[in-house]
Amino acid sequence: MTRQAGSLQGWILTSAPWMTVFGVVLLSPVLPFMMKEFAQHPNAQVLVTTVLAGPALIIALLSPFVGVLVKRVGRKNALIAAIVVYAIAGSAPVWLNDIYHIIASRMIVGATEAVLTAVATVLTVDYFSGRARERWLAFQFGSASVIAVIAFGLGGALGGLAWGWHTPFLVYGFMILLLPLFIFFLWEPTQPIDRLTDEAKQSAPFPWLHIAPLWLMTMLSSIAFYVVPVQLSFVLNSRGLATPESIGLASAIANLGVPLGSYLFQAFARQPVMRLLTSGLVLFAAGFAIVARCRNSSAHGRWCVHRMHWWRPRHPASPDVDHVQASFRTARAGCWRILRCVLCRAILQPDRCRYSCCGSRRT
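Residues numbered from 1 in each chain as written. Predicted model: local features only at pLDDT ≥ 70, side-chain atom pairs only at ≥ 80, totals over all residues. Heavy atoms only, no water.

1. Some points on the overall build of the protein chain
Within the protein chain, the secondary structure is distributed over 16 helices and zero strands. Taking all 363 residues of the protein chain together, the buried fraction comes to 52%. Long-range contacts, defined here as pairs at least 24 residues apart, represent 83% of the contacts in the protein chain between residues at least 6 apart. On the protein chain, roughly 17,500 Å² of surface is accessible, and the fraction owed to carbon and sulfur atoms is 66%. (Helix = DSSP H or I, 4+ residues; strand = E, 2+ residues; numbered from the N terminus. Buried < 20%, exposed > 50% of the residue type's maximum accessible area, 1.4 Å probe, protein only. Contact = heavy atoms within 4.5 Å. Areas by Shrake-Rupley, 256 points an atom, 1.4 Å probe, with all protein chains shown as cover.)

Okay, structure coming up:
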């Protein structure tokens, strides 16, 4: 007898990608204070930034191999193991004081996030079909922006407690509380989607000509979109916000523009794609010009809402990509993460910019 998935399974699988959001956003409000903690360390700026961006690098490197791992050990087993390791490695920096040990634990977190994201997506495809599948997949990605708002505020609030920048790492450990849901309410699919994708691969060549432009467009828009989440805490700190709570609150308010922009995008969805992208790029550039001249945190907050409201990665749909294998999709996502993190750090290095995002304006 085939088991039928419902809303409970949809919500459980939706919560798995949220852990990836917490992996980045939760630490953003406390990065300036980590920087002060390790200021005397050689290459402190690169090392502290790696604490935030390191998991993305591991996701990029491991994503092409996640599919092979999942096939060998099973979807549910891989998901459960990833949650356990995520909770242990994620919370380890609470008790660690060596920057290299912290980075090592973060790399392990990146490996688990690669598994969590891939398996949650594949199980959603296995459990659901038709419009239900489309709805849950869209909700997985769409709800991440709302979770990011919560994570910004939570990271800032926890960063203001007695343990300082160590405290937000405790949240990773609490993710273990979700484990019973994954154990008792999920199951290994009897008819996995792999068989269908294998048949699609045999029946038609991979549509590289259709995929390549979408890949490039998404990569560039992702790089632009994630400049602010990576660097926002440093900007706010340099403009007068001196506590994790205030930075977290300001970041959360700014990030409200993302779900708002996603909602309002429905009204403009029928506009030509190039018109939408061009408008977003123009507004994005205007926002950076404004932030370069801002002298207070309230102006920065208004700019971030403005930028995030308009510039959300928007990509034209293609009828030829429905049968793209999950392994390719996760590899593509990994590519975007590594490129956005590398370029964000290169573009906004304080010693290379006239207006530093990690300090006050250079004279």
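Still to come is the rest of the account.
2. Comments concerning the nonpolar core
Ranked by internal contacts, the top residues of the largest apolar core, which has 63 residues, are Phe22, Val51, Leu79, Tyr86 and Tyr127. If sequence neighbours within four positions are ignored, Tyr86 has contacts with Met19, Phe22, Gly23, Ser91, Val109, Thr112, Glu113, Leu116, Tyr172 and Met175. Core analysis: the second largest hydrophobic core is formed by seven residues, Phe33, Leu232, Leu241 and Ala250 among them. (Core = buried A, V, L, I, M, F, W, Y, C linked by side-chain atoms within 4.5 Å.)

3. Here we look at the side chain of Thr124
The topology assignment puts Thr124 in helix α5 (residues 99–127). Setting aside anything within four residues of it in sequence, one finds Thr124 in contact with Leu13, Arg133, Trp136, Leu137 and Gln140.

4. Section: the confidence of the model for the protein chain
On average, residues of the protein chain score 75 in pLDDT, and 74% of them reach the 70 mark or higher. In the model, residues 305–363 has pLDDT below 50 throughout and makes 134 contacts with residues more than four positions away in sequence or in other chains. (pLDDT = per-residue confidence, 0-100.)

5. A look at helix α1 (residues 7–25)
Helix length check: α1, at 19 residues, gives a terminal C-alpha distance of 27 Å against a target of 27 Å (1.5 Å per residue), a fit within 8%. Within α1, 15 of the 19 residues are buried, leaving the element largely enclosed by the surrounding structure. (Expected span 1.5 Å × (residues − 1).)

6. Considerations on the packing of α1 against α5
It is at 9 Å that the axes of α1 and α5 come closest, and there the two elements cross at 155°. Classified by the interaxial angle, the pair formed by α1 and α5 is roughly antiparallel. Along this stretch, α1 crosses α5, giving a crossing that reads as left-handed. Listed contacts from α5 to Gln9, Leu13, Ala16, Pro17, Met19, Thr20 and Gly23 of α1 are Arg106, Glu113, Leu116, Thr117, Ala120, Leu123, Thr124 and Tyr127. When the residues that make up the contact of α1 with α5 are grouped by side-chain class, the tally is eight nonpolar, five polar and two charged. (Axes fitted to C-alpha atoms, helices over the stretch in contact; angles between N-to-C directions. Parallel < 35°, antiparallel > 145°, perpendicular 65-115°, else oblique. Left-handed = near helix turned anticlockwise from the far one by under 90°. Nonpolar A, V, L, I, M, F, W, Y, C, P; charged D, E, K, R; others polar.)

7. Here's the deal with a nonpolar patch on the surface
Judged by side-chain polarity, Leu8, Leu181, Ile183, Phe184 and Phe185 come together as a nonpolar surface patch covering roughly 440 Å² of accessible area. With respect to the helices and strands, the residue Ile183 is situated in helix α8 (residues 179–185). Note on Ile183: relative accessible area 32%, which makes it partly exposed. (Patch = residues over 30% accessible without salt bridge, like charges linked within 9 Å, V, L, I, M, F, W, Y side chains within 5 Å. Salt bridge = Lys/Arg side-chain N within 4 Å of Asp/Glu carboxyl O.)

8. Points about helix α12 (residues 244–255)
Here α12 spans 16 Å end to end across twelve residues, near enough to the 16 Å set by a 1.5 Å rise per residue. Buried within α12 we find Pro244, Ile247, Gly248, Ala250, Ser251, Ala252, Ala254 and Asn255.

9. Re the pattern of salt bridges
Following the criterion strictly, the structure yields one salt bridge and no others. Between Asp126 and Arg75 there is a salt bridge; the shortest N-O distance is 2.5 Å. Here Arg75 lies in helix α4 (residues 75–91) and Asp126 lies in helix α5, a separation of 51 residues in the sequence. Considered together, Asp126 and Arg75 belong to a single accessibility category, that of buried residues.

10. Looking at the side chain of Ser105
With respect to the element layout, Ser105 can be found in helix α5. Sequence-distant contacts of Ser105, defined by excluding residues within four places in its chain, comprise Ala89, Ala92, Pro93 and Leu96.

11. Regarding unusual backbone geometry
A positive phi angle, near 60°, is found at Asn43, a position not held by glycine. Examined against the element boundaries, Asn43 turns out to sit in the loop between α2 (31–37) and α3 (44–73). A relative accessible area of 58% means that Asn43 is categorised as exposed.

12. Focus: the packing of helix α6 (residues 130–159) against α12
It is at 6 Å that the axes of α6 and α12 come closest, and there the two elements cross at 170°. Taken as axis vectors, α6 and α12 run roughly antiparallel relative to one another. Only Pro244, Glu245, Gly248, Ser251, Ala252 and Asn255 of α12 make contact with α6, whose side of the interface consists of Ser145, Ala148, Val149, Phe152, Gly153, Gly156, Ala157 and Gly159.

13. Examining the packing of aromatic side chains
Scanning the entire structure with this criterion turns up nine aromatic pairs. With centroids separated by 5.0 Å and ring planes inclined at 80°, the aromatic side chains of Trp11 and Phe139 adopt a geometry described as edge-to-face. Of this pair, Trp11 sits in helix α1 while Phe139 is found in helix α6, placing the two residues 128 residues apart along the sequence. Trp11 gets classed as partly exposed once you look at its relative accessible area, which sits at 44%. Residues Tyr127 and Trp187 carry aromatic rings whose centres are separated by 4.6 Å and whose planes lie at 25° to one another, so their mutual orientation is stacked. Of the two residues, Tyr127 is situated in helix α5 and Trp187 in the loop between α8 and α9 (194–203); the sequence distance between them amounts to 60 residues. (Phe/Tyr/Trp six-rings, centres within 6.5 Å; stacked < 30°, edge-to-face > 60°.)

14. Let's talk about the environment of Phe185
Along the chain, Phe185 turns up in helix α8. Here the alpha-carbon distance between Phe185 and Ala5, two residues 180 residues apart in the chain, equals 9.3 Å. If we ignore the near neighbours within four places in the chain, the residues touching Phe185 are Leu8, Gln9, Ile12 and Pro180.

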